[in-house]
Amino acid sequence: MRALDAIRGGLVVSCQANPGEPMDHPVHIAALARSAELGGAVGLRIDGGDNIRAARAVTELPIIGIKKVTAEGRPKITPSPGDSAEIVRAGASIVAFDASVQYQPESARLTDLVQEIRALGAATIMADISTVAEAERAWAAGVDVVGTTLWGHTPDTAAHDGPGIDLAATLCAAGMTVIVEGHISRPSQVREAFEAGAWSVVVGTAITNPVALTKQFVSACPARRPVEGMA
Ligand SMILES: CC(=O)N[C@H](C=O)[C@@H](O)[C@H](O)[C@H](O)COP(=O)(O)O
């Protein structure tokens, strides 16, 4: 079955760890992947060849593969054909890359990149976008699916919080295949995303980041140890 067909209507769990956090090891990423599968996820989103390979060894679920490359501010997602080659070799079913104007300012280069990823044998290509214009550009370049992954993360959208459900609704109405990804913290938002026309929904932090989850509960306690990133 096509990877996109396999994830239609279901939950994809992003199994990633911030660099240096205790979960940042292929063994733990594989355990998160398998846990997501046991919980009913229809797909996974995983960063880096070693992590993808480790997950592929324990599950046959489709994997949206990315390779994050450190950059100033936020990381670049799969910026080069070499990065795509690594994750295809590791067993990714879908290659996702950053199609923001921030990191892909030239439309011609974006189109070339899509063709280069396709030439590697990647059957399915996902463009991570933050705006309607970026989605239209990526769709015209020939991607199979666009994801709202970068909504709230790019300079153009930094003022926005929460999932990009209105953005997704606009893209779906324009006839694109859309994955809603990013800032989803409640099952009701997953439902809203599907009501907006989403093909599938990706949830990461709210399921697979124990540090972030602990902080949420700790923030409700009267006694707190000082922890980085918490007021
Ligand atoms: C912007 C960026 O680099 N997003 C990354 C993409 O793979 C991940 O860090 C996110 O965890 C993922 O998109 C899921 O989002 P959330 O963790 O909010 O559910």
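What counts and what doesn't
- Residues numbered from 1 in each chain as written.
- Predicted model: local features only at pLDDT ≥ 70, side-chain atom pairs only at ≥ 80, totals over all residues.
- Heavy atoms only, no water.
- UniProt positions renumbered as here; feature names shortened; annotations may be inferred.
- Axes fitted to C-alpha atoms, helices over the stretch in contact; angles between N-to-C directions.
- Helix = DSSP H or I, 4+ residues; strand = E, 2+ residues; numbered from the N terminus.
- Parallel < 35°, antiparallel > 145°, perpendicular 65-115°, else oblique.
- Left-handed = near helix turned anticlockwise from the far one by under 90°.
- Contact = heavy atoms within 4.5 Å.
- Nonpolar A, V, L, I, M, F, W, Y, C, P; charged D, E, K, R; others polar.
- Expected span 1.5 Å × (residues − 1).
- Buried < 20%, exposed > 50% of the residue type's maximum accessible area, 1.4 Å probe, protein only.
- Arc of directions from axis to C-beta.
- Near = heavy atom within 4 Å.
- Polar contact = N/O pair within 3.5 Å; in protein donor to acceptor, adjacent residues only side chain to side chain.
- Salt bridge = Lys/Arg side-chain N within 4 Å of Asp/Glu carboxyl O.

Naming follows an unreviewed UniProt entry, where the chain appears as N-acylglucosamine-6-phosphate 2-epimerase of Jiangella rhizosphaerae. The Function (unreviewed entry) comment attached to the chain in UniProt states, word for word, "Converts N-acetylmannosamine-6-phosphate (ManNAc-6-P) to N-acetylglucosamine-6-phosphate (GlcNAc-6-P)." UniProt annotates the chain under Catalytic activity (unreviewed entry) with the comment "an N-acyl-D-glucosamine 6-phosphate = an N-acyl-D-mannosamine 6-phosphate".

Attention now goes to the packing of helix H2 (residues 26-38) against helix H3 (residues 49-56). In contact at an axis separation of 8 Å, H2 and H3 are set at 45° when each is read in the N-to-C sense. Judged by the inter-axis angle, H2 sits oblique to H3. Considering how the two elements wind past one another, H2 and H3 form a crossing that is right-handed. Judged by residue contacts, Pro26, Ile29, Ala30 and Ala33 of H2 engage Asp50, Asn51, Ala54 and Ala55 from H3. Tallied by class, the residues present in the contact of H2 with H3 amount to six nonpolar, one polar and one charged.

Right, let's get into H2. Because each turn of an α-helix spans 3.6 residues, side chains separated by three or four positions in sequence point in the same direction. Taking 1.5 Å of rise per residue, the 13 residues of H2 would be expected to cover 18 Å, and the 18 Å separating its terminal C-alpha atoms lies within 8% of that figure. All buried positions along H2 are accounted for by Ile29, Ala30, Leu32, Ala33 and Ala36. Here the buried residues of H2 occupy an arc of 160° about the axis, which is enough to place them on one side. In H2, those exposed residues whose orientation departs by more than 90 degrees from the buried face are Val27 and Leu38. Looking at the buried residues of H2, the elements they touch are strand S1 (11-14), strand S2 (43-47), H3 and helix H9 (205-208). Phi for Gly40, located one or two positions after H2, is positive at around 110°.

Before going further, it helps to spend a moment on the site of the ligand. In the neighbourhood of the ligand, 15 residues make up the surrounding shell, with Gln16, Lys68, Glu181, His183 and Thr205 lying closest. In this structure, Gln16 approaches the ligand through a side-chain N or O atom, which is 2.9 Å from an oxygen atom. Between Arg45 and the ligand, the recorded distance is 3.0 Å, taken from a side-chain N or O atom to an oxygen atom. Broken down by class, the residue content of the shell around the ligand amounts to four nonpolar, eight polar and three charged.

Another aspect to go through is the pattern of salt bridges. Side chains bearing opposite charge may pair, as long as their charged atoms lie close to each other. Summed over all chains, the structure comprises 10 salt bridges. Residues Arg53 and Asp50 are paired through a salt bridge, measuring 3.2 Å at the closest nitrogen-oxygen approach. Taken as a pair, Arg53 and Asp50 lie in helix H3 at a separation of three residues, close to a single helical turn. In this structure Arg53 comes out as partly exposed when scored by relative accessible area, which is 42%. With a shortest N-O distance of 2.8 Å, Arg74 and Asp98 are connected by a salt bridge. Linking Arg74 in the loop between strand S4 (68-69) and strand S5 (76-77) with Asp98 in strand S6 (residues 94-98), this pair joins segments that are 24 residues apart in sequence. Taken as a pair, Arg74 and Asp98 share a single burial class, namely buried. Through salt bridges with shared partners, a single ionic network connects Arg45, Asp128 and Glu181.

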